[in-house]
Amino acid sequence: MKRQLAAAASIAVLGLSLTACSGGSSSGDGGGDTGTITYAIWDENQKPAMEQIAQTFEAENPGAKVEIQLTPNSQYWTKLQTAMSGGNGPDVMWMNGPQFGLYASEGQLAPLEDTGLDKANYPSSLTDLYTFDGKLYGAPKDFDTVALWYNKDLLKKAGVDVPTTWAEMQSAAKKLTTGDVKGFAAANYTQENVYDVIAQAGGEVISADHKTSGYGSPQALEGVNYLLSFIKDGSSPTAQQMVDTLPEDQFMAGKVAMIYMASYEALPFSQSSVAKSIDVAPLPEGPAGNQSVIHGLANVANAKSKHLTLAKKFAAYASGEEASKLQADTGTVIPAYNGTQDAWVKSMPQYDLQVHLDAVDGSVPYPISLRRSEWSQLEKDALPQIWAKPETAEAGLKQLGADMQAKLDAENE
Amino acid sequence: MSQASIQASLDSPLSPAASGTADGALRSARRGGGAAHRAPLKAGSASPNGRKGAKAPGQSAWWALLFVGPTGIGLAIFYLWPALRTFYLSFTHTGAFGGSSWVGLENYQKLLSNPALGQALANTAIYTLISLLGIPLAMVVAALLNTKGLKGRGIYRTLYFLPVVTMPAAVAIVWRMIYNGDYGVLNQFLGLFGAHGTSWLTNPNTALVAIAVVGIWAGLGQNVVIFLAGLQGVPAEMLEAAELDGAGPVRRFIHMVIPMISPSVFFVSVMSIIGSLQVFDLVFVMMGQNNPAMPSVKTVVYLFYEAGFINHDQGTAAAIAFVLLILILVMTVLQFAMQKKWVHYE
């Protein structure tokens, strides 16, 4: 009996101490310039740069403390949505184009107009991306454009010049395909491939007013058929092979000679086994040009933050000049702040990274709408089917266009 | 339940074991540790004593409450309340960040007319059927591990249990390498026999089976441990007697061991079916992005994930969760009804 009593007592004490712990963590002050704010990010590679930014911010703002929360991308959005609906979201967080419309339209974010943020310091396609109802909610943090990465050694061996048009691309890919090496990885990646080629064919994924889907258009079909031509003639790995082994991994293993890739992949490429054999060139030109999609992340502040003033201040600071330079030096991403991008180009002098900066001119905005993630799912369902059966492209794209239109109509009701 | 078991022990006072091992355990737990070994004697003597024994628990009910309390509170906060909330949400339109309006049965009507639900139910059913094969497999492994004089038994047990405590993401990465169509170990192995494999995870005909195999593998260790515990309760004298009577090892296993560990088999099958009906993480991490075989592996919980976190339609997600709950309830009740025919608590 005595033993039972002791056990019960210790359990009770344990329970008390646990509640004590959870009670002690909240430290409130009205929302001035002091206190601890949390900063949610998803990229492990960028964590060191974010930590430096947090430290310099703390040094400039005595009494402020920034805690970084790293969540892998695959769980980031589910976790954020749950935390935000429970009122426990981070004070400052990374935001991307696809999710921005939802968070802004549901009143989850605070406008950053009064933080001294100047739109003129950022590419207009990025400030447009994060403007909702005429107000800027996101401080552009970085951006990425798409370019043609190629394996110099393989091109030289096959006696092929760097292609500059779709037709050259198709014949180069055929010549480069020998043994277990394929010429070009024509994956169904949206940002890197599908959106770009649709623009290059003169089409659009979504109209400028975000009300009409362009997937059913002949231009969309032309762009997609261009990508599928590589799969049909065997100069690209099949859709299945690119699920089993990701296209970028095949490129980094020297199994694929050419790939369209966004600038954030430059750093991993520079650390791969083909690092010394590769370089980068502008995207080959289609009927309507060689447009690249531009997309970038932004720092946003939680409208329900307990330290809202500080949160907004940090969101603007983390996208400011000083922070952008810190980011650029690590080579992870191209900073959005104008004039700091050169540091990124110089971070990997062995590659012609200027190509990625030049691609900003004439770039097309990343397609978004308020409920973007809903039709993202339609794309994720439809495109792999089209890629697995290229002959179904026309019917598949028509259907995707109609399904997406239904979502857009519902969202504009 | 408690009334019945007390009654049972009174009805057959001379053979306490007759009331079943589970009931027996309950009984001795209620009587408290000290009383347990005296219980058979007491129960054998007379009913007044038995009543006295039954009264004692009334006093210690407070103790029981104190011990059950922490778990009970956790259960209420983390399971019961969310379940009630979900039930309520299934009758509402709820946006991504809350804020709901009552819509009655609309979510259920939309859901039941959605062909995706039928496909997901079929996929889940196939997955569940395949993963049930894990039960006989676990039984055989447990029986082999229970062999007398087996050397390094601890090592084997650890090896079999390892997948249970491994992170699902790590499991997925390794198995994705095994199933890879071009460079996979499985296809290289098949190549030794001149057979051509496929790209197991992107072929709509094989993807679900491939995932179920990983599910069986990952859950094997847990089931083996439960069966091993059951096997240890099989009296060796009985098996020896049967051996002397001329029963071979296979016959002894099928006609004696399996009936004797049938409570374990029942427990494992109930848990396996519940776990299989709820499968999501394996599908999510194994299939990856852009997989053309996705339509043939989307399970009910995957549908729930899409509704709640992709389409931000929490009302429909809640309705899916309740359809699944009812399904699990029906399956479990069915199993409990059927167990009377084949589970022996002796």
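Conventions and cut-offs
- Residues numbered from 1 in each chain as written.
- Chains lettered and ligands numbered in written order.
- Predicted model: local features only at pLDDT ≥ 70, side-chain atom pairs only at ≥ 80, totals over all residues.
- Heavy atoms only, no water.
- Helix = DSSP H or I, 4+ residues; strand = E, 2+ residues; numbered from the N terminus.
- Salt bridge = Lys/Arg side-chain N within 4 Å of Asp/Glu carboxyl O.
- Buried < 20%, exposed > 50% of the residue type's maximum accessible area, 1.4 Å probe, protein only.
- Phe/Tyr/Trp six-rings, centres within 6.5 Å; stacked < 30°, edge-to-face > 60°.
- Pairing = 2+ DSSP bridges.
- Axes fitted to C-alpha atoms, helices over the stretch in contact; angles between N-to-C directions.
- Contact = heavy atoms within 4.5 Å.
- Core = buried A, V, L, I, M, F, W, Y, C linked by side-chain atoms within 4.5 Å.
- Domains from an automatic or database assignment.
- Expected span 1.5 Å × (residues − 1).
- Bend = angle between axes of the 7 residues up to and from the residue.
- Patch = residues over 30% accessible without salt bridge, like charges linked within 9 Å, V, L, I, M, F, W, Y side chains within 5 Å.
- Areas by Shrake-Rupley, 256 points an atom, 1.4 Å probe, with all protein chains shown as cover.
- Buried area = accessible area lost by both parts, 1.4 Å probe.
- Polar contact = N/O pair within 3.5 Å; in protein donor to acceptor, adjacent residues only side chain to side chain.
- Nonpolar A, V, L, I, M, F, W, Y, C, P; charged D, E, K, R; others polar.

### Points about the environment of histidine 196 of chain B
And then number 1: Mapping histidine 196 of chain B onto the fold places it in the loop between α11 (185–192) and α12 (207–232).
And then number 2: Taking the C-alpha atoms as reference points, histidine 196 of chain B and glycine 181 of chain B, 15 residues apart in sequence, are found 9.8 Å from one another.

### Considerations on the pattern of salt bridges
And then number 1: If you walk through the whole model with that rule in mind, you get twelve salt bridges over all chains.
And then number 2: Among the salt bridges present, the one from arginine 372 of chain A reaches glutamate 379 of chain A, with a minimum N-O distance of 3.3 Å. Taken individually, arginine 372 of chain A and glutamate 379 of chain A each receive the classification buried, so the pair is uniform in this respect.
And then number 3: Its salt-bridge partner being lysine 298 of chain B, residue aspartate 381 of chain A comes within 3.0 Å of it at the nearest N-O pair. With aspartate 381 of chain A in helix α17 (residues 372–388) and lysine 298 of chain B in the loop between α16 (281–287) and α17 (300–310), this residue pair bridges two chains.
And then number 4: Overall, the relative accessible area of 13% leaves lysine 298 of chain B in the buried class.

### A closer look at the packing of aromatic side chains
Residues and elements named next belong to chain B.
And then number 1: Applying the stated criterion across every chain, the model contains 39 aromatic pairs over all chains.
And then number 2: For the pair phenylalanine 266 and phenylalanine 336, a centre-to-centre distance of 5.0 Å together with 90 degrees between the ring planes defines the contact as edge-to-face. With a gap of 70 residues between them, phenylalanine 266 in helix α15 (residues 262–277) and phenylalanine 336 in helix α18 (residues 314–342) connect regions that are remote in the sequence.
And then number 3: What makes phenylalanine 266 buried here is its relative accessible area of 5%.
And then number 4: Taking relative accessible area as the criterion, phenylalanine 336 reaches 42% and is therefore assigned partly exposed.
And then number 5: For the ring pair tyrosine 302 and tyrosine 305, a centre distance of 5.9 Å and an interplane angle of 65 degrees mean the geometry is edge-to-face.

### As for the sheet that holds strand β11 (residues 256–262) of chain A
All names here are of chain A.
And then number 1: Spatially, the four strands line up as an open sheet ordered β10-β11-β9-β12, and their pairing is mixed. Looking at the sheet topology across the chains shown, the edges are occupied by β10 (182–184) and β12 (278–281). Put simply, the sheet's adjacent strands are angled 30 degrees from each other on average, direction ignored.
And then number 2: Across the face of the sheet, helix α8 (residues 190–200) comes into contact with β9 (146–151), β10 and β11 while running at roughly 85 degrees to β11.

### Section: the nonpolar core
And then number 1: Residues Trp149, Tyr215, Met258, Phe314 and Trp387 of chain A are the most contacted members of the largest nonpolar core, which totals 132 residues.
And then number 2: When residues of this core are sorted by domain, at least three fall in each of domain 1 (34–143 + 295–347) and domain 2 (146–291 + 371–411) of chain A.
And then number 3: Met287, Val297, Ala317 and Phe322 of chain B belong to the second-largest nonpolar core, a separate cluster that totals 44 residues.

### Examining α12 of chain B
And then number 1: Taking 1.5 Å of rise per residue, 26 residues should cover 38 Å, and α12 of chain B covers 38 Å from first to last C-alpha, within 8% of that figure.
And then number 2: Largest kink in α12 of chain B: about 40 degrees, centred on leucine 220 of chain B.

### A few points about a nonpolar patch on the surface
All names here are of chain B.
And then number 1: On the surface, Leu150, Ile155, Tyr156, Leu159, Tyr160, Phe161, Leu162, Val165 and Val225 cluster together to form a nonpolar patch covering roughly 800 Å² of accessible area.
And then number 2: Here the element with the most residues in the nonpolar patch is helix α9 (residues 153–161); it accounts for five residues.
And then number 3: Here isoleucine 155 shows up in helix α9.

### Considerations on the side chain of glutamate 374 of chain A
And then number 1: Positionally, glutamate 374 of chain A belongs in helix α17.
And then number 2: With residues near it in sequence (within four places) discarded, glutamate 374 of chain A still touches Lys407 of chain A together with Ile310 and Asn311 of chain B.

### Some points on the interface of chain A and chain B
And then number 1: The partner chain B presents 31 residues to the 33 residues of chain A that form the contact.
And then number 2: Across the chain A/chain B interface, buried area totals approximately 2800 Å², and carbon plus sulfur atoms make up 57% of it.
And then number 3: For chain A, the biggest contributors to the area lost against chain B are Gln81, Val243 and Asp244 of chain A; these three give 23% of the whole.
And then number 4: Remark: the boundary between chain A and chain B carries one salt bridge.
And then number 5: At the junction of chain A with chain B, the criterion picks out 14 residue pairs in polar contact (both at pLDDT 80 or more).
And then number 6: Listed by contribution, the elements that provide at least two residues to the side of chain A that touches chain B are α1 (2–24), α3 (73–85), α4 (97–105), α10 (239–244) and α17 of chain A.
And then number 7: No other element matches α17 of chain A, which puts eight residues into the side of chain A that touches chain B.
And then number 8: Of the residues that constitute the side of chain A that touches chain B, the class distribution is eleven nonpolar, 15 polar and seven charged.

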